[in-house]
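Survey of secondary and tertiary structure
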Amino acid sequence: MATREQRGVFGEVADDYDRIRPGYPGSLVDDVLAAAGPGPVLEVGAGTGKATVAFAARGVSLTCIEPGPRMAELLRRKLPGVPIVVSTFEDWTPDRAYGLLISGQAWHWVDASRDPGLAFRALAPGGLFAPFWNSFLLVDPALHAALAEVDARHGLAPETTHSYLAAGFAEPAAFEEEWAQLGLRAEEFPERRHVRYHSARSYSSADYRTHLLSTSMYRILPPAVRDAAVADTAAVIDAHGGTIDFEVLADVVLARRV
Ligand SMILES: C[S@@+](CC[C@H](N)C(=O)[O-])C[C@H]1O[C@@H](n2cnc3c(N)ncnc32)[C@H](O)[C@@H]1O
C-alpha cells in the first residue's frame, strides 16, 4: 500500500502536472465507453482531469473523486459542470450504482486493504471497472545506461520514468498478478481483459525535469538529493542531443462485475 504522504504530493505541483503529463489515447477512451453499459460514470483520483476531459467530451455523466484540493480546483476550472467530491475513495460512500468506474494512474493509491470490495460495490451489476495507466519505455540504450548511472549515484530506486528500455521489453504472458494487484477477485469480476495502446513522446531536457518533479517518487526525495538528481539527469540528456524519446504504453484493464 502507498503511504499517505506519497499519494498526496501531486497538488504541490498541480499546474506543472497538468502541463507536462501525457493524457490517454482517444481510442482507449472510446474502447472503455464501448465496453461499458449504460449508466453514470465514476472517476476515482481524477487529478487535474487528464482523463476526465476526454470522457466528458464524449457526453457521459461523470462524478469525480479527488482528495487533493489543488488538483480538484484545477479540474473544477476546466469542467465547472462536473461534480467533484474532495475525498479519498475509501472515505466516500457511493451515492448510486455506477455503470462505469474509471481511474487513470490512481487506483494504486487507493487503500484497498481497508475494504477490498470498494470497486465492486460502487458498480451496478454488469458495470465495468476500468483502471488505466501510462508506462514509459526509453528508446535510446546509450541514454538509458547513462541515466542509470545518474540514478545509482543518487541512490534512486530503479523505478523512475526512464528505468525501462524499449528494446527487449516483453509483453507479460499472463496477467494473473495484475488482477491480484488491482484487487480483482474472480467471484466479483469473472470477466476481465487487458488492452494496450502504443504511442511516442519526446521531452526536452527542461520539460523532462518538470516531468520528473511531478512524480511522487521525486517529490518525496530530500530536496537536495532531488535537485542534484534532476540537474544531473538534464545535463546527461543535453549531452545526448537535448531530447529524451519514449515509447509510451497505455494499459487498461476492463473488468465486468457480476
Ligand atoms: C498520478 S495522479 C493521476 C491523476 C489523473 N487521474 C491523471 O490521469 O492524470 C494520482 C491521483 O490520485 C489521487 N489520489 C491519491 N490517493 C487517492 C485515494 N485514496 N482515493 C482517490 N484518489 C486518490 C491523487 O490526489 C492524484 O490526483
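Throughout what follows, the structure given in this document is the object of discussion.

About the thresholds
Residues numbered from 1 in each chain as written. Predicted model: local features only at pLDDT ≥ 70, side-chain atom pairs only at ≥ 80, totals over all residues. Helix = DSSP H or I, 4+ residues; strand = E, 2+ residues; numbered from the N terminus. Rg over C-alpha atoms; globule rule 2.2 N^0.38 Å. Buried ≥ 20, exposed ≤ 12 C-beta atoms within 10 Å, placed from the backbone. Contact = placed C-beta atoms within 7 Å. Pairing = 2+ DSSP bridges. Axes fitted to C-alpha atoms, helices over the stretch in contact; angles between N-to-C directions. Parallel < 35°, antiparallel > 145°, perpendicular 65-115°, else oblique. Left-handed = near helix turned anticlockwise from the far one by under 90°. Nonpolar A, V, L, I, M, F, W, Y, C, P; charged D, E, K, R; others polar. Near = placed C-beta within 6 Å.

**Let's talk about the overall build of the protein chain**
- Scanning the protein chain from terminus to terminus reveals 11 helices and 7 strands.
- On C-alpha atoms alone, the protein chain measures out to a radius of gyration of 19 Å, which is about the 18 Å that the 2.2 N^0.38 rule sets for 258 residues.
- With the C-alpha coordinates aligned to their principal axes, the bounding extent of the protein chain is approximately 55 × 40 × 35 Å.
- Within the protein chain, buried positions represent 35% of all 258 residues.
- In the protein chain, of all internal contacts separated by at least 6 residues, the share reaching a separation of at least 24 is 78%.

**Some remarks on the pairing of strand S7 (residues 243-256)**
- When strand S5 (residues 123-138) meets S7, the two strands line up antiparallel, connected through 9 bridges. Within S7, the position partnered with Asn-134 by the bridge is Ala-250.
- With 14 bridges joining them, strand S6 (residues 191-204) and S7 adopt antiparallel strand pairing. Bridged to Ser-199 within S7 is Val-248.

**Comments concerning the packing of helix H9 (residues 205-213) against helix H11 (residues 223-239)**
- Taken N-terminus to C-terminus, the directions of H9 and H11 make an angle of 150°; their axes are 9 Å apart at the nearest point. In terms of orientation, H9 and H11 fall into the roughly antiparallel class. Taken as a pair, H9 and H11 cross one another with a handedness that is right-handed. Of the residues in H11, those touching H9 at Ser-205, Ala-206, Tyr-208, Arg-209, Leu-212 and Leu-213 are Val-230, Thr-233, Ala-234, Ile-237 and Asp-238.
- Grouping the constituent residues of the contact of H9 with H11 by class yields 7 nonpolar, 2 polar and 2 charged.

**Observations regarding the site of the ligand**
- Close contacts around the ligand come from 23 residues, with Gly-45, Gly-47, Thr-88, Gly-104 and Trp-109 the closest.
- Considering only residue class, the shell around the ligand consists of 11 nonpolar, 6 polar and 6 charged.

**Section: the packing of helix H7 (residues 141-153) against H11**
- The interhelical angle for the contact between H7 and H11, taken along N-to-C directions, is 160°, at an axis separation of 10 Å. The orientation of H7 relative to H11 falls into the category roughly antiparallel. With respect to the hand of their crossing, H7 and H11 are arranged in right-handed fashion. Facing Ala-146, Leu-147 and Val-150 of H7, the residues of H11 in contact are Ala-229, Asp-232, Thr-233 and Val-236.
- Considered class by class, the residues forming the contact of H7 with H11 number 5 nonpolar, 1 polar and 1 charged.

Worth remembering: the numbers are spatial, not functional.
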